[in-house]
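# Structural description and commentary
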Amino acid sequence: MSEKKFNQPLGGNEMPRFGGIATMMRLPHSPAADGLDVAFVGVPFDIGTSNRAGARFGPRQIRTESCLIRPYNMATRAAPFDSLQVADIGDVAINTFNLEKSVAIIEQAYNEILEQGCKPLTMGGDHTISLPILRALRKQHGPVGIVHVDAHADINDHMFGERIAHGTPFRRAIEEGLIEPTRMVQIGLRASGYEADDFDWPREQGVRVVQAEECWYQSLKPLMAEVREQLGAGPVYLTFDIDGLDPAYAPGTGTPEIGGLTVHQGLEIVRGCRGLDLVGGDLVEVAPAYDTSGNTALVAANLLFEMLCVFPGVQYRA
Ligand code: MN
Ligand code: MN
């Protein structure tokens, strides 16, 4: 019996890390998801933003900054490319002149990915894109649990009169039954709002809301133990808005808020998802133009690798 060959990231001793075609983690590009366990997907969409646009350039910059990531996780010993077939399947061809059509295009693209039994790890794009992804996931898995990292709750009823924008996806997702609210946690919420009780709507739905102040100065490992308990055995989606982190670490985003999570806490949250039945994940709101250092996309690329490292089926080296 021949052993299955898994795609490997192109090594730095085969092609200099700054050379070659920019795919996520220098993985092979695949035109479609068939045969893949996990696909990195870009969604270059930012027409749902309310302040600074620019997240349409997130996928490209994340791919560029991912060139230094090596295949093994030295902290957790995860070796995702020992047991999962992974590739970069490129970007969803959104219609940048039409938000609603783009949302439909994204849902259809994810239907096709999920029908192949492939799990998507998405490079955003603004947070609007999580709604069509969750709509597609519902068809495969029913309502999912959610780990949502963000400075914002994204549960506005409307923005500027519109029901779909980057500040509304989780309102719509809860209304549409895409999420089980009692299996949802929001981490990192903070800053100013329109009403003092802005974060109470999700709480009233049964969501656990962990405001940033509750996270300050501490390890989030104990929190994540509680999250694993809360979310239990069912399917879970991980959505990470880069603005959940403090702008000191991730300034390249459209709606920055001070007093955010540290990179270390971001790592603890993602690593703390190990053991959950993850069915997909996204990293959204990277807008590279506001960060000349490139650090925001570097952090994003590494967090996406960390997400891959906690997917079900990943092997850990002894
Ligand atoms: Mn968001
Ligand atoms: Mn946000």
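Residues numbered from 1 in each chain as written. Chains lettered and ligands numbered in written order. Predicted model: local features only at pLDDT ≥ 70, side-chain atom pairs only at ≥ 80, totals over all residues. Heavy atoms only, no water.

So, on to the packing of aromatic side chains. Counted under the stated rule, the structure contains 1 aromatic pair. Measuring from centroid to centroid gives 6.0 Å for Trp-216 and Tyr-217, while their planes differ by 70°, and the two rings are edge-to-face. Across from the ring centre of Trp-201, 4.0 Å away, lies the NZ or CZ of Arg-171, which sits over that ring. Lying over the aromatic face of Tyr-316, Arg-274 brings its terminal NZ or CZ to 3.5 Å of the ring centre. (Phe/Tyr/Trp six-rings, centres within 6.5 Å; stacked < 30°, edge-to-face > 60°. Lys NZ or Arg CZ within 6 Å of the ring centre and 35° of its normal.)

It is worth spelling out the nonpolar core at this point. Judged by nonpolar contacts, the single largest core of 52 residues is most densely connected at Val-147 and Ile-187. Excluding its chain neighbours within four sequence positions, the residues that come into contact with Ile-187 are Val-147, His-148, Val-149, Asp-150, Val-210, Cys-215, Leu-223, Met-224, Leu-261 and Ile-269. (Core = buried A, V, L, I, M, F, W, Y, C linked by side-chain atoms within 4.5 Å. Buried < 20%, exposed > 50% of the residue type's maximum accessible area, 1.4 Å probe, protein only. Contact = heavy atoms within 4.5 Å.)

It is worth spelling out the coordination of the manganese ion (ligand 1) at this point. Around the manganese ion (ligand 1), the protein contributes the donor atoms His-127 (ND1), Asp-150 (OD), Asp-154 (OD) and Asp-241 (OD), at 2.1 to 2.2 Å from the metal centre. Of note, the manganese ion (ligand 1) draws all its donor residues from one chain, in the sequence arrangement H-x22-D-x3-D-x86-D. Judged by relative accessible area, which is 0%, His-127 ranks as buried. The exposure class assigned to Asp-150 is buried, which follows from its relative accessible area of 0%. (Donors = N, O, S within 2.8 Å, 3.2 Å for Na, K, Ca; no water.)

To continue, consider the environment of Arg-77. Following the sequence through the fold, Arg-77 ends up in the loop between helix H1 (58–65) and strand S2 (78–79). Distance in space between the C-alpha atoms of Arg-77 and Arg-317 is 5.4 Å, their sequence separation being 240 residues. (Helix = DSSP H or I, 4+ residues; strand = E, 2+ residues; numbered from the N terminus.)

Remark: H1 packs on helix H9 (residues 295–309), axes separated minimally by 8 Å, with the N-to-C direction vectors making an angle of 80°. It follows that H1 is roughly perpendicular to H9 by the angle criterion. The segment H1 lies against H9, with Gln-61, Ile-62 and Glu-65 engaging Ala-297, Leu-298, Ala-300, Ala-301 and Leu-304. For the contact of H1 with H9, the residue count by class is 6 nonpolar, 1 polar and 1 charged. (Axes fitted to C-alpha atoms, helices over the stretch in contact; angles between N-to-C directions. Parallel < 35°, antiparallel > 145°, perpendicular 65-115°, else oblique. Nonpolar A, V, L, I, M, F, W, Y, C, P; charged D, E, K, R; others polar.)

Counting buried positions along strand S6 (residues 179–189) gives 8 out of 11 residues, so the element sits mostly inside the fold. Handedness of the strand S5 (residues 144–149)-helix H4 (residues 169–175)-S6 crossover: right-handed. Each parallel crossover has a hand, and for S6 linked through helix H5 (residues 200–205) to strand S7 (residues 208–211) it is right-handed. (Right-handed = clockwise from strand over helix to strand, strands pointing away.)

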